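Architecture at a glance
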Amino acid sequence: MSNGSLAGFDSLEKVLEEYIPADKLAEVKRVLYGANLSKPVAALELPEALQKVAEEQAFDLQAYKFGAAAEQFRAPRIVKIGLIQNAVVEPTTAPFAEQRQGIYSRVSQLIEAAGQAGVKILCLQEAWTMPFAFCTREKHWNAFAESAEAGPTTQLLQGYARQYSMVIISPILERDEAHGETIWNTAVVIGNNGNVIGKHRKNHIPRVGDFNESTYYLEGNTGHPVFETAYGKIAINICYGRHHPMNWQAFGMNGAEIVFNPSATVGELSEPMWGIEARNAAIANSYFVAAINRVGTEVFPNEFSSADGKPAHKDFGHFYGSSYVAAPDASRTPSLSRCRDGLMVAELDLNLCRQVKDKWDFRLTARYELYADFFSRYIQHDFKPQLVKDPSLQ
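Given the structure is predicted, the values throughout are model-derived calculations rather than measurements.

1. Let's talk about the pattern of salt bridges
- Applying the stated criterion across every chain, the model contains 24 salt bridges.
- Between Arg340 and Asp10 there is a salt bridge; the shortest N-O distance is 3.2 Å. Linking Arg340 in the loop between strand 14 (324–326) and strand 15 (342–349) with Asp10 in the segment before helix 1 (12–19), this pair joins segments that are 330 residues apart in sequence.
- Between Lys310 and Glu268 there is a salt bridge; the shortest N-O distance is 3.2 Å. Placement of the pair is Lys310 in the loop between strand 12 (295–304) and strand 13 (313–320) and Glu268 in helix 7 (residues 267–285), with a sequence separation of 42 residues.
- For Glu268, a relative accessible area of 68% translates into the label exposed.

What follows is the structure, given as structure tokens:
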């Protein structure tokens, strides 16, 4: 619908709850969302005052808890993470400083709510300081690019990191001043002391529909870094990278316990894939995945087209939010709203990662040497597929 709802509902979950009887809904959710310790993922109680703040400031606030079995030698490794999804505040015709400040002010409200909820690792959405203008091919949007280490956005978030002893992942448009002011799609990792731990640049760049991002930046050059923070080992798989299984795998092989997937994607293109990919990555790689998508419809001043047969238009389509958290045991939370700003809080016991590894033995059975040999041959120019043809075919 034009307001971004799903047939008039805030989310898929609200549709199911409206039309499926409670006893049957429990079975539906068991299949759709899995079970954590043989039960649905539990709701996490938050202070009533915080719920009131969410109502007053008009954002969706949800909180859940993933448990792990008690162990003989290891204490539980509990950490609260937070995911923020938001719409732009000012129209795209407003001066850029006003656009950015409007987003700063709005997201600051959600960051403060995350801090009050006890969140210790917080991730914002892809290119969170600006409209997702990469559909337009207009280069003046590069003005939003800034230094990853010392730009105004990093400086703003360093204060919140220190205030709440919180690790903050800040996906921005980066201007690499040391290398000819090259533009990158980058996630900055700010430590809980306000220090910049490092950054990761987007590994895979889409060239589909209106996603004309390669007009602005190309594939990143930072590999698959895992950042060891005070609260766990984390990685960032930015947006389109979620469509590449080996991208997810490399973060896991480098030791990630939580992989954040800050995104900007629209309903017509990817929504049927959204609820599957992060969950599948969590299962296949035995880590937690936090999937974040921006929300709202952003209308630009000038029409654009993308050689896909569609008439020229001024908007990308609806960014459908629906952020959620998936666990290595195949369980997941419900989604945040499809059409409202939101904060998802999830309490994780990171011990679950090793427990699932021990149960399923995916590493033990992976046959890395088999695939290493295959890929070493595949990348050669004279590679020939291992195709066995039925001799009876003419």
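Back to the write-up after that little detour.
2. Structural notes on the environment of Leu387
- Relative to the helices and strands, Leu387 is located in the segment after helix 9 (368–378).
- Taking the C-alpha atoms as reference, Leu387 lies 50 Å from Gln72; in sequence the two are 315 residues apart.

3. Focus: the pairing of strand 2 (residues 60–65)
- Among the 6 residues in strand 2, 5 count as buried, and that is most of the element.
- As defined by bridge partners, strand 2 adjoins strand 15 across 6 bridges and the pair is classed as parallel. Looking at the pairing, Gln62 lines up with Met344 of strand 15.

4. Some details on unusual backbone geometry
- The phi dihedral of Ala7 falls on the positive side, at around 55°, and the residue is not glycine.
- Positive phi outside glycine occurs at Ser322, with the angle close to 65°.
- Looking at where Ser322 falls in the secondary structure, it is placed in the loop between strand 13 and strand 14.

5. Details of the state of the cysteines
- For the structure shown, the criterion picks out 0 disulfides.
- Unpaired in this structure, Cys239 has its nearest cysteine sulfur neighbour in Cys123, at a distance of 12 Å.
- Take Cys239: its relative accessible area is 4%, and that puts it in the buried class.
- Cys353 takes part in no disulfide bond, and the closest cysteine sulfur, belonging to Cys123, lies 17 Å away.

6. Digging into the sheet that holds strand 1 (residues 42–43)
- An order of 1-2-15-3-4-5-6-7 is seen for the 8 strands of this open sheet, with the pairing classed as mixed. Taken across any chain shown, the strands that pair with only one partner, and hence form the sheet edges, are strand 1 and strand 7 (196–201).
- Two elements, strand 5 (residues 167–176) and strand 6 (residues 182–190), share 9 bridges in a ladder whose sense is antiparallel. Note on strand 6: the bridge partner recorded for Glu174 is Trp184.

7. Some thoughts on the packing of aromatic side chains
- Inspection of the entire model under this criterion finds 22 aromatic pairs.
- Taken together, a centroid distance of 6.0 Å and an interplanar angle of 25° make the contact between Phe374 and Tyr378 stacked. Linking Phe374 with Tyr378, this pair stays in helix 9, spanning 4 residues, or about one helical turn.
- With a centroid separation of 5.0 Å and an interplanar angle of 65°, the aromatic rings of Tyr378 and Phe383 are classed as edge-to-face.
- Looking at Phe383, the relative accessible area reads 21%, which means it is partly exposed.
- Connected via pairs of aromatic rings, a cluster forms that spans Phe132, Phe134, Phe211, Tyr216, Tyr217, Phe316 and Phe319.
- Positioned above the aromatic ring of Phe319, the side-chain terminus of Arg294 is 5.7 Å from the ring centre.
- If you follow Arg332 out to its NZ or CZ, it ends over the ring of Tyr324, 3.9 Å from the centre.

8. What about the packing of helix 1 against helix 2 (residues 22–33)?
- Across the interface, helix 1 lies against helix 2 with an axial gap of 10 Å and an inter-helix angle of 155°. Here helix 1 lies roughly antiparallel to helix 2, going by the angle between them. Together, Glu13, Leu16 and Glu17 of helix 1 and Leu25, Lys29, Leu32 and Tyr33 of helix 2 make up the contact between the two elements.
- When its residues are assigned to classes, the contact of helix 1 with helix 2 shows 4 nonpolar, no polar and 3 charged.

9. Looking at the sheet that holds strand 8 (residues 227–229)
- Pairing is mixed across the open sheet formed by 5 strands, whose spatial order is 8-9-10-11-14. What marks the edges here is a single partner per strand, and that holds for strand 8 and strand 14. Sheet twist, expressed as the average angle between the axes of neighbouring strands with direction ignored, equals 25°.
- In this sheet, strand 14 lies alongside strand 11 (residues 288–293) in antiparallel orientation, the contact comprising 3 bridges. Bridged to Ala291 within strand 14 is Tyr324.

10. A look at the environment of Arg162
- Within the secondary structure layout, Arg162 lies in helix 5 (residues 152–164).
- Setting aside anything within four residues of it in sequence, one finds Arg162 in contact with Asn192, Asn193 and Gly194.

11. Regarding the layout of surface pockets
- Of the volumes computed, that of the largest pocket is approximately 530 Å³.
- Pro245, Met246, Gln249, Met253 and Asn285 are, among the 22 residues lining the largest pocket, the residues nearest its centre.
- Of all the secondary-structure elements, those providing two or more residues to the lining of the largest pocket are helix 6 (245–253), helix 7 and helix 9.
- With 6 residues, the single largest contributor to the lining of the largest pocket is helix 6.

Thresholds applied
Residues numbered from 1 in each chain as written. Predicted model: local features only at pLDDT ≥ 70, side-chain atom pairs only at ≥ 80, totals over all residues. Heavy atoms only, no water. Salt bridge = Lys/Arg side-chain N within 4 Å of Asp/Glu carboxyl O. Helix = DSSP H or I, 4+ residues; strand = E, 2+ residues; numbered from the N terminus. Buried < 20%, exposed > 50% of the residue type's maximum accessible area, 1.4 Å probe, protein only. Pairing = 2+ DSSP bridges. Disulfide = S-S within 2.5 Å. Phe/Tyr/Trp six-rings, centres within 6.5 Å; stacked < 30°, edge-to-face > 60°. Lys NZ or Arg CZ within 6 Å of the ring centre and 35° of its normal. Axes fitted to C-alpha atoms, helices over the stretch in contact; angles between N-to-C directions. Parallel < 35°, antiparallel > 145°, perpendicular 65-115°, else oblique. Contact = heavy atoms within 4.5 Å. Nonpolar A, V, L, I, M, F, W, Y, C, P; charged D, E, K, R; others polar. 1 Å grid on protein atoms, 1.4 Å probe; cavity = no way out; pocket = protein on both sides within 12 Å on 5 of 7 lines; lining within 4 Å. Points joined across faces, edges and corners; volume = space filled by probe spheres on them.

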